[in-house]
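What follows is the residue order along each chain.
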Amino acid sequence: MSHKRILKRKAAIAVGGVVALGAAAILLPSANASQDGAPDDAAAAPRTLKAGDASDLATRLAGTLGDAYAGAWYDGEDKRLVVNVVRGEGDMALKVRSAGAEVREVDNSMAELQAGAGTLKSEATIPGTSWAVDPRTNKILVTADSTVTGDKWDRLESTVESLGSGMATLKKSEGTFRTFVSGGDAIFAGGARCSLGFNVTAGDGSPAFLTAGHCAAAGDAWSDQQGGEPIATVDQALFPGDGDFALVRYDDPATEAPSEVNVGGQTVPIVQAAEATVGQQVFRMGSTTGLADGQVLGLDATVNYPEGTVTGLIQTDVCAEPGDSGGSLFTQDGLAVGLTSGGSGDCTVGGETFFQPVTTALEAVGATLGDGGGAGAGDQADGQDAGAEQDGAGGDQGVQEQSDMGSDRHSGLTRTH
């Protein structure tokens, strides 16, 4: 017999328009716009791409360009993929243009940037710091929270300076880096509250879900009601180290675990996992703050939490608060991108946030999501069939802006298990 539970939150349904929840406007997935009739030489010009297709194209070009590749980012305003090519690699620049991306020549190679990140790891692994490669500046973005002062700050600053001019940017955050676990509602264990990320299928075909690995420290048995009977058990978890993720299996093998995210009265179908792209617009759903949106700022981020160092994360400017840990990071096209790990600040003042990539979590635990696909939403060999982004052409459904967001922040995430 199937097991269903619904954690309710207030929402208003809007029929016939694009709608918003809090500050975030979300569109239901829609068909790609046709580019039939484009001129024959269109392949030489930057193409209009959906963010998921841009991510796929960036991955393919990274393999094609080799040492000449220096990162890529998505220009959300013009809907174009911008690819950094090391200066002087003219032949490689032609390959980028022919694939439909825009070329930008830069001075720092990816190998040099990664070497700089390695120096930071060996010389400045200080709790309250983070770093990630920012392809838009072709530098390493180094961030220190409010706890990094005195000798710690001097050590970090001198390490950044040792990398050389034009290699890194150092900034100060007003908040404190922490994982976002809290007591309250959503999914519970040992008095802690986290958020369910994405329902998945475990390697043996049983229903399960992904959440943050640091949430597993609260206990193995998880409930969907505070003080309620356990409905799921931690199977695998990693934190700290090379990630922050956990696979939690539903105790009832007949549990219905749809591949979707409920954003408050409306569900967004999740079709598959995808790699994040810098500049990409993303949405985060969490049990404390509901829906929020922002942009991807960096990839392969290293964060030095008080509990230890975590590598391989996605850095964003999407806000989050305690209790949002493990929550889903996704795109308007239904691509699962990340699981909320931690960061600084809150949804009043903002701050930096970090997410575990879903693709690496799935690979590590041997699970599948949606249609079983891995990273990316498209399968075009050279990006020529990628569709145009349709910002103003959502479906006829949506979630109207919640004027009572503040009073409803602790009412939980609607989900059917």
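Numbering of residues starts from 1 in each chain and follows the order in which that chain's sequence is written. It should be noted that, the model being predicted, local features are given only for residues of pLDDT at least 70 and side-chain atom pairs only at 80 or more, the latter also being counted only at that level, while totals for whole chains, interfaces and linings use all residues. Water and hydrogen atoms play no part in the side-chain values, which are based on all heavy atoms of the structure.

What to know about the confidence of the model for the chain
Thought 1: The pLDDT score gives, residue by residue, the confidence of the prediction method on a 0 to 100 scale. When the pLDDT values of the chain are averaged, the result is 81; 77% of them are 70 or greater.
Thought 2: Throughout residues 1-43 the model reports pLDDT below 50, and contacts reaching past four residues in sequence, or to other chains, amount to 135 contacts. By the convention used here, residues are in contact when the closest approach between their heavy atoms is within 4.5 Å.

Considering the environment of Pro240
Thought 1: For Pro240, the location among the structural elements is in the loop between strand E15 (232-238) and strand E16 (245-250).
Thought 2: Distance from Pro240 to Glu307, taken between C-alpha atoms, is 7.1 Å for residues 67 residues apart in sequence.
Thought 3: Not counting residues up to four positions away in its chain, the partners in contact with Pro240 are Glu307, Gly308, Thr309 and Val310. Each helix corresponds to a stretch of at least 4 residues labelled H or I by DSSP, and each strand to a stretch of at least 2 residues labelled E; elements are numbered beginning at the N terminus.

Some points on a negative patch on the surface
Thought 1: Among the surface-exposed residues, Asp151, Asp154, Glu157 and Glu161 lie close enough to one another that they form a single negatively charged patch.
Thought 2: Position of Asp151 among the secondary structure elements: in helix H4 (residues 150-162). Patches draw on residues past 30% relative accessible area with no salt bridge. Two like charges within 9 Å are joined, as are two nonpolar side chains (Val, Leu, Ile, Met, Phe, Trp, Tyr) within 5 Å. In this description, accessible areas are obtained by the Shrake-Rupley approach with a 1.4 Å probe, and a residue is regarded as covered only by the protein chains that are shown. For this document, the term salt bridge refers to a Lys or Arg side-chain nitrogen within 4 Å of an Asp or Glu carboxyl oxygen. When charges are counted, Lys and Arg contribute as positive and Asp and Glu as negative, whereas His and the chain ends are disregarded. For charged residues, the charge sits on one atom: NZ in Lys, CZ in Arg, CG in Asp, CD in Glu.

Quick notes on the state of the cysteines
Thought 1: Any cysteine sulfur atom paired with another within 2.5 Å is treated as part of a disulfide. In this structure the tally under the stated criterion is 2 disulfides.
Thought 2: Here Cys194 is linked by a disulfide to Cys215, with a sulfur-sulfur distance of 2.0 Å. Between Cys194 and Cys215, the S-S dihedral sits near -100 degrees, and the bridge is therefore left-handed. Of this pair, Cys194 sits in strand E11 (residues 192-194) while Cys215 sits in the loop between strand E13 (207-211) and strand E14 (221-222), and the two are 21 residues apart along the sequence.
Thought 3: According to the relative accessible area criterion, Cys194 is buried, its value standing at 0%.
Thought 4: We classify Cys215 as buried; its relative accessible area is 0%.
Thought 5: A sulfur-sulfur separation of 2.0 Å characterises the disulfide bridge that pairs Cys319 with Cys347. Between Cys319 and Cys347 the sulfur-sulfur dihedral comes to about 90 degrees; the bridge is accordingly right-handed. Here Cys319, found in the loop between strand E22 (308-316) and strand E23 (328-330), pairs with Cys347, found in the loop between strand E24 (335-343) and strand E25 (353-357); they are 28 residues apart in sequence, far enough to count as distant.
Thought 6: Here the term buried applies to any residue with accessible area under 20% of the maximum for its type, exposed to any over 50%, and partly exposed to those in between, with areas from a 1.4 Å probe on protein chains only. Accessibility expressed as a relative area gives 28% for Cys347, which makes it partly exposed.

Here we look at the sheet that holds E16
Thought 1: Criterion used throughout: strands pair if DSSP finds at least two bridges between them. Taken in spatial order, the 5 strands make up an open sheet running E12-E13-E16-E15-E14, and their pairing is antiparallel. Since the sheet does not close on itself, it has two edges, and those belong to strand E12 (198-201) and E14, each with one partner.
Thought 2: The pairing of E14 with E15 spans 2 bridges and is antiparallel. Looking at the pairing, Trp222 lines up with Ala232 of E15.

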